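Structural characterization, general
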Amino acid sequence: MKSALTLGTVLLWSLLFPALCWGWEITGVPKEIQSNMDNVLIAEPEDCAVNIEKSSLFSDSLLERLHQAIKPYGYFGAEINVLNAENATTCKDLLIAVELNQATHINELSIELVGPGKDDVLLKEIVSNAPLKQGKKLKTFKYEQFKAQLLSQSHALGYLDGHFKSNHIQIDSDHHKANIKLVFVTGPLYHFSSLQFEQTEFFMDETFLNRMLQIKTGDRVLNESIAKQVSLLNDSLYFSQVTAKKVNKSTEQATVDLMIAVSPAKRIKYSVGLGFATDTGARTTLEYQNDRVGSKAYQFKSQAKIAETNQDLSMRFKIPSRGRPLKKWYAIDAGYLFEDIEDKEQSTQKLSVSQSRIYTEQWQNTNFIDVTYGKFGFKGEEKESALLVVPGVSWTWRQADDWVNARNGLSVQMTLQGASDSVLSDVSFVQADIKSKWIHPLGDNNRMIYRGQVGATSIDDLSQLPFSYRFYAGGDRSIRGFDYESLSPMGVENDLIGGKHVVALSAEFEHKWNASWGWAVFTDAGNAFTDELNWEQSVGFGVRWFSPLGPVRLDLAHPLNNEAASNVKVHFTIGPDF
């Protein structure tokens with residue numbers, strides 16, 4: 001075990017610090033060239049000859065291979081001198097001094113697109129962004145990288161027959177100049193002639209399956225479109241594996257077929273979860289999910305959440321639309337909720353019908369009608385009851401570089417809903433609620449996180465409105481330092497009666513001290529109110545663990561200027577940033 005560890009250490013040092021490990025030294029070159037020359041010497045056998053003109057591992061001498069390690073950086077007339085040839089025992093001990101001399105620069109540069117795609121904006125952009133520039137130092141490895149990039153990206157953009165008609169560099173060693181000429185023939189632009197699914201076993205209606213395609217016959221062959229299609233299918237929960245390949249290429253027609261092979265995901269899923277949050281206390285979650293009810297892939301989900309402060313039973317039946325099943329769907333939800341928070345008690349039965357649509361990667365819309373019947377009131381008091389038919393609309397816009405642990409991201413959710421006592425409801429009201437979150441980096445290891453909520457209600461008599469439609473503030477995801485839903489206007493019995501309006505704002509600075517751990521400082525402010533906003537504010541400190549499921553947050557928050565809530569509150573949450 002000890003010898004294996006020693007060998008591993010030697011190998012690691014040989015890769016990271018070859019000159020220190022083996023004893024050679026190279027001077028007169030920048031690090032990138034030295035690293036290239038080091039790799040040549042590492043490949044030499046232990047007993048390599050000191051005479052680098054005669055020492056050979058392959059067909060070329062060691063001297064020639066060291067020159068080849070320098071040339072990609074534009075130095076074709078470099079001189080390599082060995083300073084200790086008389087004292088060294090092998091080439092591993094050499095002291096090598098390099099005189100780079102004058103670099104070769106690009107004198108003439110010609111990159112020409114010919115063929116049907118010569119005016120394609122995307123191809124021209126690749127050419128304009130080439131790392132080769134007239135007057136700049138010639139780096140032949142960048143020349144090779146650009147050729148490979150143009151070839152691969154032209155194929156990805158649908159020019160499947162693209163190739164170089166001419167590609168060469170003429171080097172004038174005497175004048176240290178190079179002329180580059182590239183002629184790229186694009187060939188025709190390919191389109192899809194047909195799109196087909198291949199099921200490893202029959203499990204889904206073919207017509208329904210074909211309606212999941214975002215790509216259409218006749219569309220341009222784009223690798224990006226294919227990748228997005230595969231991603232959408234994977235996100236649908238219907239499939240365990242999705243692969244796509246181009247088949248039946250026709251050079252004459254400039255067409256290909258797209259074959260998408262799919263395998264079914266597990267249809268029935270059960271889950272049992274235990275958790276804890278400072279807002280709700282300990283909780284248990286039981287869930288049953290059927291992701292494919294019938295060949296048209298309806299989905300059914302039932303869930304029971306039992307916590308110290310609430311018990312929630314819900315069921316959902318999701319019906320994908322016939323025309324755009326991955327972008328549009330309908331849902332029927334039914335549920336029962338009982339809550340006991342801060343002496344407030346309410347039981348609510350709800351039936352909801354909704355339509356959801358995804359317009360772009362950022363925009364999603366939901367139109368809904370909720371029918372609720374609830375009883376609500378305070379402990380020891382007679383409960384009020386209300387029947388509400390609440391139509392509404394919700395819009396969500398969000399964009400992030402990572403939904404789980406974001407460096408950059410912004411989300412905005414806007415909801416407008418209401419009811420009328422002239423249309424089956426016991427009370428009339430209109431309510432708007434806007435929630436947002438913005439994350440941006442501040443240096444390499446820091447980020448700022450801002451949260452905000454603004455809500456407003458128009459109603460004649462708030463006491464007729466169930467608690468679930470009133471505004472409260474305070475808690476893990478609202479204003480930390482205060483108990484869950486403990487901020488609101490007070491009634492005559494000092495009950496938390498809720499408010500017509502709410503404002504909740506948060507600013508947080510977060511620092512990562514390594515990939516998994518970090519700390520944060522923050523301040524939250526706002527309140528729920530009916531007539532006049534009485535600002536409450538808190539400050540706090542937290543620890544973060546960046547788990548694969550999202551940040552795990554442990555926060556200590558202290559209210560400012562509120563004697564009734566002067567203690568430090570502990571808040572614990574887990575979940576993705578967006």
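Residues numbered from 1 in each chain as written. Predicted model: local features only at pLDDT ≥ 70, side-chain atom pairs only at ≥ 80, totals over all residues. Heavy atoms only, no water.

This part covers the overall build of the protein chain. Looking only at helices and strands, the protein chain has eight helices and 25 strands in total. Here the protein chain has a C-alpha radius of gyration of 34 Å; the compact-globule value for 578 residues is 25 Å, and the former is much larger. If one aligns the C-alpha atoms of the protein chain with their principal axes, the spans along those axes are about 105 × 65 × 50 Å. The 578 residues of the protein chain split such that 43% are buried. By sequence separation, contacts in the protein chain at least 24 residues apart represent 55% of the contacts at least 6 residues apart. Here the protein chain has roughly 30700 Å² of accessible surface; of this, 54% comes from carbon and sulfur atoms. Side chains of the protein chain carry 58 positive and 69 negative charges; the gap between the two charge centres is 6 Å. (Helix = DSSP H or I, 4+ residues; strand = E, 2+ residues; numbered from the N terminus. Rg over C-alpha atoms; globule rule 2.2 N^0.38 Å. Buried < 20%, exposed > 50% of the residue type's maximum accessible area, 1.4 Å probe, protein only. Contact = heavy atoms within 4.5 Å. Areas by Shrake-Rupley, 256 points an atom, 1.4 Å probe, with all protein chains shown as cover. Lys, Arg positive; Asp, Glu negative; His and termini not counted. Charge placed at Lys NZ, Arg CZ, Asp CG, Glu CD.)

Moving on, we get to a negative patch on the surface. On the surface, Asp 421, Asp 426, Asp 460 and Asp 461 cluster together into a patch of negative charge. Assignment of secondary structure puts Asp 460 in the loop between strand E20 (446-458) and strand E21 (501-512). (Patch = residues over 30% accessible without salt bridge, like charges linked within 9 Å, V, L, I, M, F, W, Y side chains within 5 Å. Salt bridge = Lys/Arg side-chain N within 4 Å of Asp/Glu carboxyl O.)

We now examine the state of the cysteines. This structure, assessed with the given rule, holds one disulfide. The partner cysteine of Cys 48 in its disulfide is Cys 91, sulfur to sulfur 1.7 Å. The disulfide joining Cys 48 to Cys 91 has a torsion of about -100° about its S-S bond and is therefore left-handed. Here Cys 48, found in the loop between helix H3 (31-42) and helix H4 (62-70), pairs with Cys 91, found in the loop between strand E2 (79-82) and strand E3 (95-99); they are 43 residues apart in sequence, far enough to count as distant. Like Cys 91, Cys 48 is buried. (Disulfide = S-S within 2.5 Å.)

So, on to the packing of aromatic side chains. This model, assessed by the stated rule, comprises 17 aromatic pairs. Relative to Phe 300, the ring of Tyr 288 lies with its centre 6.2 Å away and its plane at 55°, an arrangement referred to as tilted. Here Phe 300 lies in strand E12 (residues 298-307) and Tyr 288 lies in strand E11 (residues 281-293), a separation of 12 residues in the sequence. Its relative accessible area of 24% is what places Tyr 288 among the partly exposed residues. Judged by centre distance (5.2 Å) and plane angle (25°), the rings of Trp 438 and Tyr 450 are stacked. Highlighted residues: Trp 438 in strand E19 (residues 429-441) and Tyr 450 in strand E20, separated in sequence by 12 residues. For Trp 438, a relative accessible area of 43% gives the class partly exposed. Residue classification places Tyr 450 among the partly exposed positions, given a relative accessible area of 28%. Taken together, the aromatic side chains of Phe 203, Tyr 238 and Phe 239 make up a single cluster linked through ring pairs. It is Lys 344 that lies over the ring of Tyr 472; its NZ or CZ is 4.3 Å from the centre. (Phe/Tyr/Trp six-rings, centres within 6.5 Å; stacked < 30°, edge-to-face > 60°. Lys NZ or Arg CZ within 6 Å of the ring centre and 35° of its normal.)

On to the pattern of salt bridges. Counted according to the given criterion, the structure contains 25 salt bridges. Asp 291 is paired through a salt bridge with Lys 269; the nearest N and O atoms lie 3.0 Å apart. Here Asp 291, found in strand E11, pairs with Lys 269, found in strand E10 (residues 268-277); they are 22 residues apart in sequence, far enough to count as distant. Residue Glu 510 is joined to Arg 447 by a salt bridge in which the shortest nitrogen-to-oxygen separation is 2.5 Å. With Glu 510 in strand E21 and Arg 447 in strand E20, the pair connects residues that are 63 residues apart, well separated along the chain. Comparing Glu 510 with Arg 447 shows no difference in burial state: the two are buried. By sharing partners, the salt bridges in this structure join Arg 447, Arg 451, Arg 480, Glu 508, Glu 510, Asp 524, Arg 544, Arg 553, Asp 555 and Asp 577 into a single network.

The next subject is helix H6 (residues 140-156). The terminal C-alpha atoms of H6 lie 24 Å apart, and with 17 residues this matches the ideal 24 Å at 1.5 Å per residue to within 8%. Among the residues of H6, those classed as buried are Thr 140, Tyr 143, Phe 146, Lys 147, Leu 150 and Ser 154. Here the buried residues of H6 occupy an arc of 110° about the axis, which is enough to place them on one side. Looking at the buried residues of H6, the elements they touch are strand E4 (105-114), helix H5 (121-128), strand E5 (163-172) and strand E6 (177-185). (Expected span 1.5 Å × (residues − 1). Arc of directions from axis to C-beta.)

Once that is clear, we can look at the packing of H5 against H6. Axis separation between H5 and H6 bottoms out at 11 Å; the angle between their running directions is 170°. Of the possible angle classes, the one that applies to H5 and H6 is roughly antiparallel. Counted together, Leu 123, Ile 126 and Val 127 of H5 and Phe 146, Gln 149, Leu 150, Gln 153 and Ser 154 of H6 form the full contact between these two elements. Here the contact of H5 with H6 is built from residues that sort into five nonpolar, three polar and no charged. (Axes fitted to C-alpha atoms, helices over the stretch in contact; angles between N-to-C directions. Parallel < 35°, antiparallel > 145°, perpendicular 65-115°, else oblique. Nonpolar A, V, L, I, M, F, W, Y, C, P; charged D, E, K, R; others polar.)

The mixed open sheet is built from three strands, whose spatial order is E1-E3-E2. Each edge of the sheet is formed by a strand with only one pairing partner; in this case those strands are strand E1 (25-27) and E2. Averaged over all neighbouring strand pairs, the angle between strand axes comes to 20°, with direction disregarded. The pairing of E1 with E3 spans three bridges and is parallel. Within the sheet, the bridge partner assigned to Thr 27 lies in E3 and is Ala 97. Relative to E1, H3 is tilted by about 150°, and along the sheet it contacts E1 and E3. Sitting on the sheet, H4 is in contact with E2 and E3, with an inclination near 135° to E2. (Pairing = 2+ DSSP bridges.)

The predicted model of the protein chain averages 90 in pLDDT, with 95% of residues at 70 or higher. Summarising per-element confidence for the protein chain, the mean pLDDT is lowest in helix H1 (residues 2-16) (39) and highest in E21 (98). (pLDDT = per-residue confidence, 0-100.)

The side chains of a regular strand alternate between both faces of the sheet. Note: E12 against strand E13 (residues 310-320), eight bridges, orientation antiparallel. Looking across to E13, one finds that Ser 302 is bridged to Met 315. Hairpin remark: E12 followed by E13, antiparallel, with two residues in the connecting loop. Sheet analysis places E13 next to strand E14 (residues 328-341), joined by 11 bridges and oriented antiparallel.

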